[in-house]
Amino acid sequence: MQIGIDENDPNILHFNVEIEGGKTCDLKYRIGDNVFTAAQDFLTQNNLPQHHLDTVAHFITENTQGFKPQTTILPALQRKKFPIKNYEKLQELLRVGCRTDNELIAIATMAQFIKSGKGFYLTIEMKTAIAILLDYALQHHEILPPLFDLFGGLCLKCLDSVKYFETISAYSQLFGVVSSMIDNGTITMPIKIMFIKFLANSFITTPPEMYMNMVYSTYGKLLPFLLNEMTLAVTNNNLNMQGAIAGVVLNLSISAINSSIAGMLADGLYELASQLYVISNDETIRAILLLSIGNFIKQDVLARNEFIKKEELITSIKASQNQNIQAIWKEINELIYGVSN
């Protein structure tokens with residue numbers, strides 16, 4: 001059995017289950033819905049006997065423990081995605097890390113699946129190619145940008161990629177390489193921005209039970225890294241980098257409030273989002289960051305109390321003429337004060 005999160009709605013889970021006769025079917029369940037309703041829909045769609053209803057409902061209950069509905073303040077500003085754009089160049093650059101035709105075919109197949117927009121699961125050949133590319137990239141940093149591009153695309157379209165990345169410690173290894181390159185001054189802008197976009201995409205589909213393993217080990221370095229890069233991006237008027245960082249924070253805010261360690265992570269992330277909002281000079285990016293702040297305020301009473309004390313942030317929000325910012329601000333006001341102004 002495999003589980004994936006719907007790319008268009010993080011509240012919908014997909015279970016790849018095997019039924020009678022060896023046929024594999026998609027069991028879809030929206031977090032928070034009645035499990036018996038979902039079970040009945042599954043039986044009807046697959047022409048299965050009614051006496052399986054309790055079994056399917058129990059299966060859903062057992063496999064969705066720990067998942068909570070994901071909430072955002074403004075539906076128009078959901079998770080931020082960064083799709084792959086140049087598939088041919090990606091395959092050309094990554095082929096240097098491959099050793100056999102099968103590995104090249106696996107890369108080409110993954111790229112085509114991502115390009116087609118259809119969800120898929122990793123084959124053994126694909127997993128082998130990913131592991132080989134990761135090992136190669138750790139020593140040959142010139143292929144890091146296309147590697148991040150591929151991995152980010154897999155996070156969006158491949159239903160079990162994030163789980164596999166966690167299995168091979170891809171996140172922590174890649175973050176370690178990027179951190180070392182920053183420390184020794186060898187990091188390049190393409191590597192930094194593609195890494196940040198990969199982070200944003202990886203946090204789109206991170207199940208709660210994986211969140212600690214993926215993030216917590218590097219959390220102490222991740223937040224200062226994002227703060228420093230945002231400061232540089234604002235100084236250099238690099239909106240592409242600002243948008244990528246805002247995407248990471250937004251997706252982290254949604255994942256964090258659905259994880260078992262939300263309380264441990266929320267303080268640092270909440271403070272980071274607040275700092276980035278004040279630093280940024282672009283209203284669209286500020287709207288994304290304010291949405292991140294709103295996610296915590298909606299979930300955490302302590303965050304609401306802390307928000308009231310942030311006079312500089314509140315003054316900046318009130319002064320904005322951006323419609324999205326004002327829409328989010330209106331809902332934050334209603335949450336904190338019970339009024340919309």
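This text goes with the structure placed above it.
Residues numbered from 1 in each chain as written. Predicted model: local features only at pLDDT ≥ 70, side-chain atom pairs only at ≥ 80, totals over all residues. Heavy atoms only, no water.

Trainee: How should I be thinking about the overall build of the protein chain in this particular structure?
Mentor: Counting its secondary structure elements, the protein chain contains 17 helices and 3 strands. Residues counted as buried form 54% of the 341 residues belonging to the protein chain. Long-range contacts, defined here as pairs at least 24 residues apart, represent 66% of the contacts in the protein chain between residues at least 6 apart. Surface summary for the protein chain: the accessible area is close to 15500 Å², and the carbon and sulfur share equals 51%. (Helix = DSSP H or I, 4+ residues; strand = E, 2+ residues; numbered from the N terminus. Buried < 20%, exposed > 50% of the residue type's maximum accessible area, 1.4 Å probe, protein only. Contact = heavy atoms within 4.5 Å. Areas by Shrake-Rupley, 256 points an atom, 1.4 Å probe, with all protein chains shown as cover.)

Trainee: Just to check I follow, could you spell out the packing of helix H15 (residues 301–308) against helix H17 (residues 323–336) for this structure?
Mentor: Geometrically, a packed helix pair is captured by the angle between its two axes and the distance between the axes. Viewed as axis vectors pointing N to C, H15 and H17 meet at an angle of 110 degrees, and their least axial separation amounts to 11 Å. With respect to their mutual orientation, H15 and H17 come out roughly perpendicular. The hand of the H15/H17 crossing is left-handed. Contacts between H15 and H17 involve Arg304, Phe307 and Ile308 from the first element and Trp329, Ile332, Leu335 and Ile336 from the second. Within the contact of H15 with H17, the residues separate by chemical class into 6 nonpolar, no polar and 1 charged. (Axes fitted to C-alpha atoms, helices over the stretch in contact; angles between N-to-C directions. Parallel < 35°, antiparallel > 145°, perpendicular 65-115°, else oblique. Left-handed = near helix turned anticlockwise from the far one by under 90°. Nonpolar A, V, L, I, M, F, W, Y, C, P; charged D, E, K, R; others polar.)

Trainee: Please clarify how the pairing of strand E2 (residues 12–18) should be interpreted in this entry.
Mentor: When a strand is regular, its side chains alternate between the sheet's two faces. A large share of E2 lies buried, amounting to 5 of its 7 residues. One ladder, built from 7 bridges, connects E2 with strand E3 (residues 24–30); its direction is antiparallel. Note that in E3 the partner of Val17 across the bridge is Cys25. Taking the residues between adjacent antiparallel strands as the criterion, E2 and E3 are bridged by 5 residues, where Gly21 takes a positive phi near 90 degrees. (Pairing = 2+ DSSP bridges.)

Trainee: Before we go on, may I ask you to explain helix H6 (residues 144–157) in this structure?
Mentor: In an α-helix there are 3.6 residues to a turn, and that puts residues three or four apart on one side. Taking 1.5 Å per residue, 14 residues should reach 20 Å; H6 reaches 20 Å between its end C-alpha atoms and fits that length. Counting buried positions along H6 gives 14 out of 14 residues, so the element sits mostly inside the fold. (Expected span 1.5 Å × (residues − 1).)

Trainee: Teacher, can you tell me more about the layout of surface pockets here?
Mentor: Where empty space is left becomes clear once a probe the size of a water molecule has been rolled over the atoms. Size it by volume and the second largest pocket reaches roughly 240 Å³. Around the second largest pocket, the lining residues are Val17, Glu18, Ile19, Glu20, Leu27, Phe42, Leu48, His52, Thr55, Val56 and Phe59. If you list the elements that add at least two residues to the lining of the second largest pocket, you get E2 and helix H2 (53–63). Tallying contributions element by element places H2 first for the lining of the second largest pocket, with 3 residues. Here the residues of the lining of the second largest pocket sort into 7 nonpolar, 2 polar and 2 charged. (1 Å grid on protein atoms, 1.4 Å probe; cavity = no way out; pocket = protein on both sides within 12 Å on 5 of 7 lines; lining within 4 Å. Points joined across faces, edges and corners; volume = space filled by probe spheres on them.)

Trainee: Would you take a moment to explain the packing of helix H16 (residues 311–319) against H17 for this structure?
Mentor: Between H16 and H17, whose axes approach to 9 Å, the crossing angle comes to 125 degrees. Comparing the axis directions of H16 and H17 gives the class oblique. Here Ile314, Ile317 and Lys318 of H16 come into contact with H17, specifically with Ile325, Gln326 and Trp329. Partitioning the contact of H16 with H17 into residue classes produces 4 nonpolar, 1 polar and 1 charged.

Trainee: Would you take a moment to explain the pattern of salt bridges for this structure?
Mentor: Two side chains of opposite charge can pair, provided their charged atoms sit close to one another. Considering all chains together, one arrives at 4 salt bridges under this definition. The shortest N-O distance in the salt bridge between Lys192 and Glu229 comes to 3.0 Å. Of this pair, Lys192 sits in helix H9 (residues 189–202) while Glu229 sits in helix H11 (residues 219–235); the two residues are 37 residues apart in sequence, bridging distant segments of the chain. Classification of Lys192 as buried rests on a relative accessible area of 10%. Note that Glu306 and Lys309 form a salt bridge whose closest N and O atoms lie 3.4 Å from each other. (Salt bridge = Lys/Arg side-chain N within 4 Å of Asp/Glu carboxyl O.)

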